[in-house]
Amino acid sequence: MKGFKEFLLRGNVVDLAVAVVIGAAFTGVVNAFVKGVINPLVGLFGTKDLANYSSCLKGPCTMDASGNVTSGIFILWGSVLSAALSFLITAAVVYFLLILPMNHFMRKRKSPEEEALEAEEKEVVLLTEIRDALVRRG
């Protein structure tokens, strides 16, 4: 039990749990955006809901009032398009609001090893200048 407790209290497990919860909430926001903004924009050119776009592969194709296929073979490509748009919007938001700023921040921030290396390089340059000055004087 001690090892399990240490595993659960480890920082990366807690961070992962927080990320999953935030991701689930963010999925709701993206789905609402697709239904509330993207679908009506697509509705300007056709049906209001992308899930209504389908093609009949083998007919005659009929559906009942609840949207269940009663005969034929439908390809529901509208729901696939809606899911793909949701994925692209999610990926774009994650990239532009999380990844890009974090990469920018990490490039500006130097690790302790980089700072030590930079200090060592400055020290070598300073010692070289002192040596050259002593050689010129003597």
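As the structure is a prediction and not an experimental result, all values here were calculated from the model. (Residues numbered from 1 in each chain as written. Predicted model: local features only at pLDDT ≥ 70, side-chain atom pairs only at ≥ 80, totals over all residues. Heavy atoms only, no water.)

1. Observations regarding the overall build of the protein chain
Right, so step 1: In terms of regular secondary structure, the protein chain is built from four helices and two strands.
Right, so step 2: Listed N to C, the secondary structure of the protein chain is α-α-β-β-α-α in terms of helices and strands.
Right, so step 3: The C-alpha atoms of the protein chain give a radius of gyration of 30 Å, which is well past the 14 Å a tight globule of 138 residues would have.
Right, so step 4: Overall, the C-alpha framework of the protein chain stretches about 100 × 50 × 25 Å when taken along its three principal axes.
Right, so step 5: Per-residue burial over the protein chain gives 7% buried out of 138 residues.
Right, so step 6: In the protein chain, the proportion of contacts linking residues at least 24 apart, taken out of those at least 6 apart, comes to 32%.
Right, so step 7: For the protein chain, the accessible surface area stands at approximately 11,200 Å², while carbon and sulfur atoms represent 68% of it.
Right, so step 8: Placing the 14 positive and 13 negative side-chain charges of the protein chain at their respective mean positions leaves the two points 5 Å apart. (Helix = DSSP H or I, 4+ residues; strand = E, 2+ residues; numbered from the N terminus. Rg over C-alpha atoms; globule rule 2.2 N^0.38 Å. Buried < 20%, exposed > 50% of the residue type's maximum accessible area, 1.4 Å probe, protein only. Contact = heavy atoms within 4.5 Å. Areas by Shrake-Rupley, 256 points an atom, 1.4 Å probe, with all protein chains shown as cover. Lys, Arg positive; Asp, Glu negative; His and termini not counted. Charge placed at Lys NZ, Arg CZ, Asp CG, Glu CD.)

2. Considerations on the pairing of strand 1 (residues 55-63)
Right, so step 1: Alignment of strand 1 against strand 2 (residues 69-75), held across five bridges, turns out to be antiparallel. In the strand pairing of strand 2, Met63 is matched with Val69.
Right, so step 2: The antiparallel pairing of strand 1 with strand 2 creates a hairpin that spans five residues between the two strands, and Gly67 there sits at a positive phi of about 95°. (Pairing = 2+ DSSP bridges.)

3. What about the side chain of Ser82?
Right, so step 1: Within the secondary structure, Ser82 is located in helix 3 (residues 77-108).
Right, so step 2: If we ignore the near neighbours within four places in the chain, the residues touching Ser82 are Val34 and Leu50.

4. What to know about the packing of aromatic side chains
Right, so step 1: Tallied over the entire structure, the rule returns two aromatic pairs.
Right, so step 2: Centre to centre, the rings of Tyr95 and Phe96 are 5.0 Å apart; their planes meet at 80°, and the pair counts as edge-to-face. (Phe/Tyr/Trp six-rings, centres within 6.5 Å; stacked < 30°, edge-to-face > 60°.)

5. Comments concerning the state of the cysteines
Right, so step 1: Considering all chains together, one arrives at one disulfide under this definition.
Right, so step 2: Between the sulfur atoms of Cys56 and its disulfide mate Cys61 the distance is 1.7 Å. Measuring handedness by torsion sign, the sulfur bridge of Cys56 and Cys61 sits at about 75° and is right-handed. (Disulfide = S-S within 2.5 Å.)

6. A few points about a nonpolar patch on the surface
Right, so step 1: On the surface, Val94, Tyr95, Phe96, Leu97, Leu98, Ile99 and Leu100 cluster together into a nonpolar patch covering about 660 Å² of accessible area.
Right, so step 2: Structurally, the position occupied by Tyr95 is in helix 3. (Patch = residues over 30% accessible without salt bridge, like charges linked within 9 Å, V, L, I, M, F, W, Y side chains within 5 Å. Salt bridge = Lys/Arg side-chain N within 4 Å of Asp/Glu carboxyl O.)

7. Observations concerning the confidence of the model for the protein chain
Right, so step 1: Across the protein chain, pLDDT averages 81, with 96% of residues at or above 70.
Right, so step 2: Within the protein chain, the element-level pLDDT minimum falls on helix 1 (residues 2-9), averaging 75, and the maximum on helix 4 (residues 112-137), averaging 88. (pLDDT = per-residue confidence, 0-100.)

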